[in-house]
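Chain by chain, the residues:
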Amino acid sequence: MQRLQDLKETFFGLEVVQQQLLISSAVAIGGILAYWVFRSKEAKTIPIGHGWWGKGKKPLSEDDQIHTFTITTSDEEIKDLHARLDLTRYTDPLEDSHFNFGFNSTYLKRVVSHWRNVYDWKKQVAALNQYPHFKTKIEGLDVHFIRVCPPSRENQKVVPLMLVHGWPGSFYEFYKIIPLLTQNHDGVAFEVICPSIPGYGYSEAPQKKGFDSVAAARIFLTLMERLGFSQFYLHGGDWGSAITTNMAQMKPDCVKGLHLTMFFPRRNFKMSLSLVIGRYLPFLVGFTREDVRRIYPYFQKNVWQMLEETGYMHIQATKPDTAGCAVNNSPVGLAAYILEKFSSCTDMKYRDLSDGGLERMFTLDDLLTNVMIYWTTSSMTSSMRFYKENFGNLINRLDFKTGVFVPTGLAAFPNELMHNPKVWAQTKYRNIYTYTFMPRGGHFAAFEEPQLLADDIVQFVKKVGKI
């Protein structure tokens, strides 16, 4: 009764235009009811399917063995890199442009100087090899992954967990969080598996058209099965979120829990209605005060800002090979293209800084090691193709129309590209166990805030497993 009185007072305290807007919106209640009827009848899984992405025709049999793998380099590789760095041509930046026009070339010269004169790729290769690397052939592709087991302890429950990266990241994003996950958490420790998406880094690139997140999900499910895991947990961000979501949709019985840092709802009338009402009556549509703070002004934060920052996405979703020719041939061009995303996607405010704020959250060595994984494997073009393959047929994709019913944990970082309240996330993820407003951090959560992310994953797994 008190809530009703509060609602009445709030309504009559609004301006006339706002009252009329709310009244007209209420007419759509029937649409919401129809949505709930539809929701109860929808499919709960997607087909696993099959594929072959290697060269030529699929053979009658395929090597299913798991082989150890070691990252290597050579003096010739480093000499070639240095020669290309020395021949770079720069364009002077506009005055006071900072990072608003893209990567500022004045700061880029500093990055290249560090790369050429200080950065030690051989040392970084040794650091990359500190964890065990493997490859195995799946659907015609050599799939790279690392597998890190926790130290053996008495009365310890070991939980398998796959971590999946996105673009323009790599498995290296998880190097700081791995030791945090493999340590003992009151009797629980994780065995961590980090694969490289096919076409990224040391995983072979698909040779045929059609390789999307669903295909990657099927390959990673095969990988977990090949490793002997019948049930496991998943974590993903960026494309890793799409892939692990697809894995949960394909084989929900295998996925004990799904943890995400980037997640998208299913767009529907209820979401549109909440946008209209939420700023004035947030409690009526399930918004918290923090949701309101992160969402509004909606056009500025979620429309205009996204248009400003997604030019790369439109290029990669249409003609990835054209842009790929340039960045695959120039290490400096590649670094500028990648690191500009590590600036703006970490914090949009960094666009107003002359150095893009890159060294506030990362070291140049760490950033350049991620770049080197793309450079030394010539995988930038094939990684960019993943956008075209996924955005080419959005309307008809069954996974976009299917909910996720496994236990789900969502970590909402404040500087993620777009904020999605729990009430929106529930339109897609139907069994949310935890939803955490993270206190700081952006798009590259494991790279930026490994301790915060590790703590949230542990909390989620313990709640799901009742540990």
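Under an unreviewed UniProt entry, the chain has the name Epoxide hydrolase and belongs to Gouania willdenowi. The UniProt entry for the chain carries the following text under Function (unreviewed entry): "Biotransformation enzyme that catalyzes the hydrolysis of arene and aliphatic epoxides to less reactive and more water soluble dihydrodiols by the trans addition of water."

**Here we look at the packing of helix H5 (residues 105–117) against helix H16 (residues 331–344)**
Helix-helix packing: each pair is described by the crossing angle between the helix axes and the interaxial distance. Packing of H5 against H16 leaves a shortest axis separation of 11 Å and a crossing angle of 120°. Comparing the axis directions of H5 and H16 gives the class oblique. Taken as a pair, H5 and H16 cross one another with a handedness that is right-handed. Mapping the contact onto sequence places Leu108, Val111, Val112 and Trp115 in H5 and Pro331, Val332, Ala335, Ala336 and Leu339 in H16. Of the residues belonging to the contact of H5 with H16, the class tally is 9 nonpolar, no polar and no charged.

**Some details on helix H15 (residues 320–329)**
Note on helix geometry: an α-helix contains 3.6 residues per turn, so any two residues three or four positions apart are oriented the same way. Those residues of H15 that sit buried are Pro320, Gly324 and Val327. Projected onto a plane normal to the axis of H15, the buried residues spread over an arc of 75° and lie on a single side. Those residues of H15 that are exposed and angled more than 90 degrees off the buried face are Thr322, Cys325 and Asn329. Here the buried face of H15 lies against helix H14 (311–316), H16, helix H18 (364–377) and helix H19 (380–391).

**Observations regarding the side chain of Asp212**
Mapping Asp212 onto the fold places it in the loop between strand S5 (188–195) and helix H8 (213–226). Although Asp212 lies buried, it forms no salt bridge, and the closest oppositely charged side chain, Arg397, sits 4.1 Å away as judged by the N-O distance. Among all residues touching Asp212, those that are not within four sequence positions of it are Phe386, Glu389, Asn390 and Arg397.

**A closer look at the sheet that holds strand S6 (residues 232–236)**
Taken in spatial order, the 9 strands of this open sheet run S1-S2-S3-S5-S4-S6-S7-S8-S9, and their pairing is mixed. Strand pairing shows two members of the sheet lacking a second neighbour, strand S1 (66–69) and strand S9 (432–437), which therefore form its edges. In this sheet, neighbouring strand axes are inclined to one another by 25° on average, regardless of whether the strands run parallel or antiparallel. With 4 bridges joining them, strand S4 (residues 157–164) and S6 adopt parallel strand pairing. The residue bridging Met162 from the neighbouring strand is Leu234, located in S6. Against the sheet, H8 touches S1, strand S2 (133–138), strand S3 (141–148), S4, S5 and S6, its axis set at about 115° to S2.

**Concerning the packing of aromatic side chains**
The description of an aromatic ring pair rests on the distance of the ring centres and on the angle between the ring planes. Scanning the model with the defined rule gives 30 aromatic pairs in all. When the ring of Phe103 is compared with that of Tyr107, the centres are 6.0 Å apart and the planes differ by 20°; the resulting orientation is stacked. With respect to class, Phe103 is no different from Tyr107; both count as buried. On the numbers, 5.9 Å between centres and 80° between planes, the contact of Tyr312 with Tyr387 is edge-to-face. With Tyr312 in helix H14 and Tyr387 in helix H19, the pair connects residues that are 75 residues apart, well separated along the chain. Residue classification places Tyr312 among the buried positions, given a relative accessible area of 10%. On the basis of relative accessible area, Tyr387 is assigned to the buried category, the value being 2%. Among the aromatic residues, those joined into a ring-pair cluster are Trp53, Trp167, Tyr200, Phe211, Trp239, Tyr312, Tyr337, Tyr374, Phe386, Tyr387 and Phe391. The ring of Tyr90 carries Lys109 above its face, with NZ or CZ at 5.5 Å from the centroid. It is Lys135 that lies over the ring of Phe69; its NZ or CZ is 4.4 Å from the centre.

**Quick look at the environment of Lys157**
Looking at the element boundaries, Lys157 is found in strand S4. Note on Lys157: relative accessible area 42%, which makes it partly exposed. Expressed as a C-alpha distance, the spacing of Lys157 and Phe190, which sit 33 residues apart in the sequence, is 8.3 Å. With sequence-adjacent residues up to four places away left out, Lys157 is seen in contact with Gly187, Val188, Ala189 and Ile467.

Thresholds, definitions, all that
- Residues numbered from 1 in each chain as written.
- Predicted model: local features only at pLDDT ≥ 70, side-chain atom pairs only at ≥ 80, totals over all residues.
- Heavy atoms only, no water.
- UniProt positions renumbered as here; feature names shortened; annotations may be inferred.
- Axes fitted to C-alpha atoms, helices over the stretch in contact; angles between N-to-C directions.
- Helix = DSSP H or I, 4+ residues; strand = E, 2+ residues; numbered from the N terminus.
- Parallel < 35°, antiparallel > 145°, perpendicular 65-115°, else oblique.
- Left-handed = near helix turned anticlockwise from the far one by under 90°.
- Contact = heavy atoms within 4.5 Å.
- Nonpolar A, V, L, I, M, F, W, Y, C, P; charged D, E, K, R; others polar.
- Buried < 20%, exposed > 50% of the residue type's maximum accessible area, 1.4 Å probe, protein only.
- Arc of directions from axis to C-beta.
- Lys, Arg positive; Asp, Glu negative; His and termini not counted.
- Salt bridge = Lys/Arg side-chain N within 4 Å of Asp/Glu carboxyl O.
- Pairing = 2+ DSSP bridges.
- Phe/Tyr/Trp six-rings, centres within 6.5 Å; stacked < 30°, edge-to-face > 60°.
- Lys NZ or Arg CZ within 6 Å of the ring centre and 35° of its normal.

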